[in-house]
Amino acid sequence: MAFVVTENCIKCKFTDCVDVCPVDCFHEGPNFLVIDPDECIDCTLCEPECPANAIFAEDEVPDDQQQFIALNAELSKKWPTITEVKGALPEADDWNGKANKIQYLEK
Ligand code: SF4
Ligand code: F3S
């Protein structure tokens, strides 16, 4: 199993999650982060750190977010590792909680 970043990270990218990951398994795209399922050790530390509540254990990903399991696996092989916290995206607070953000996912 692994942890999974889901839709509410899109256009927010707060990056608090990165700070606590002991195995550096977060990867960064233009407006979204993903977790490499082959690197994640299920330590659970990142889940409560996300201000957008975007991180779930794989077996707790909501039904309408299931496609993000494959997206984390796919995009983590393509995007570079991120190991240090950086500023959230400029309008992160406005986008936090908005629905249907997957249409804005930049790959
Ligand atoms: Fe990293 Fe632990 Fe989160 Fe997996 S559960 S992404 S190992 S902080
Ligand atoms: Fe995204 Fe939450 Fe991390 S918004 S960058 S999963 S802290």
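All chains use their own residue numbering, which begins from 1 and follows the written sequence. All chains are assigned letters beginning at A, and all ligands numbers beginning at 1, according to the order in which they are written. Where totals are concerned, whole chains, interfaces and linings use all residues; where local detail is concerned, this predicted model gives features only for residues with pLDDT of at least 70, and gives and counts side-chain atom pairs only at 80 or more. Only hydrogens and water are removed before side-chain values are computed, so all heavy atoms of the structure are retained for them.

1. Some words on the side chain of Lys101
Rule in force here: Counting from the N terminus, the helices are DSSP H or I runs at least four residues long and the strands are E runs at least two residues long. Any pair of nitrogen or oxygen atoms within 3.5 Å is treated as a polar contact; in protein, a donor-acceptor pairing is required on top of that, and neighbouring residues in sequence qualify only through side-chain atoms on both sides. Whether two residues touch is decided by their heavy atoms; if any such pair falls within 4.5 Å, the residues are in contact.
You can see Lys101 is positioned in the segment after helix H3 (92–95). A distance of 3.0 Å separates the side chain of Lys101 from the backbone oxygen of Trp95, its partner in a polar contact. Excluding anything up to four places from it in sequence, Lys101 contacts Glu7, Asn8, Ile10, Cys12, Trp95 and Asn96.

2. Brief notes about the site of ligand 2
For the record, the criterion: We call a residue near a molecule or strand when any one of its heavy atoms sits within 4 Å of it. Three classes are used: nonpolar for Ala, Val, Leu, Ile, Met, Phe, Trp, Tyr, Cys and Pro, charged for Asp, Glu, Lys and Arg, and polar for all others, with Gly counted as polar.
Taken together, Val5, Cys9, Lys13, Phe14, Thr15, Asp16, Cys17, Leu33, Cys50, Pro51, Ala52 and Ile55 make up the full set of residues near ligand 2. The class makeup of the residues in the shell around ligand 2 is nine nonpolar, one polar and two charged.

3. Quick word on unusual backbone geometry
What counts is decided by this rule: Accessible area is worked out with a 1.4 Å probe on protein chains only. A residue is then buried under 20% of its type maximum, exposed over 50%, and partly exposed in between.
The backbone of Lys11 shows a phi angle near 65 degrees, a positive value even though the residue is not glycine. Given the relative accessible area of 24%, Lys11 is considered partly exposed. A positive phi angle is found at Lys13, which is not glycine, with a value near 50 degrees. Here Lys13 shows up in the loop between strand E1 (3–5) and helix H1 (16–20). The exposure class of Lys13 is buried, given its relative accessible area of 6%.

4. With respect to helix H2 (residues 67–76)
Basically, it comes down to this: What the arc measures is the spread of directions leading from the helix axis to the C-beta atoms.
Among the residues of H2, those classed as buried are Phe68, Leu71, Asn72, Leu75 and Ser76. The buried residues of H2 occupy one face: seen down the axis, they fall within an arc of 110 degrees. The inward-facing, buried residues of H2 contact E1, strand E2 (26–28) and strand E3 (33–35).

5. What to know about the site of ligand 1
The local shell around ligand 1 consists of Phe3, Cys21, Pro22, Val23, Cys25, Phe26, Ile35, Cys40, Ile41, Cys43, Thr44 and Cys46. The residue makeup of the shell around ligand 1, split by class, is eleven nonpolar, one polar and no charged.

6. Quick look at the environment of Gln67
Along the chain, Gln67 turns up in helix H2. Distance in space between the C-alpha atoms of Gln67 and Glu7 is 9.6 Å, their sequence separation being 60 residues.

7. Some thoughts on the environment of Lys13
In sequence terms Lys13 and Asn31 are 18 residues apart; their C-alpha atoms lie 6.3 Å from each other. Residues contacting Lys13, with those up to four places away along its chain left out, are Glu28, Gly29, Pro30, Asn31, Phe32, Leu33, Gly87, Ala88 and Leu89. From its side chain, Lys13 meets the backbone oxygen of Pro30 in a polar contact 3.1 Å long.

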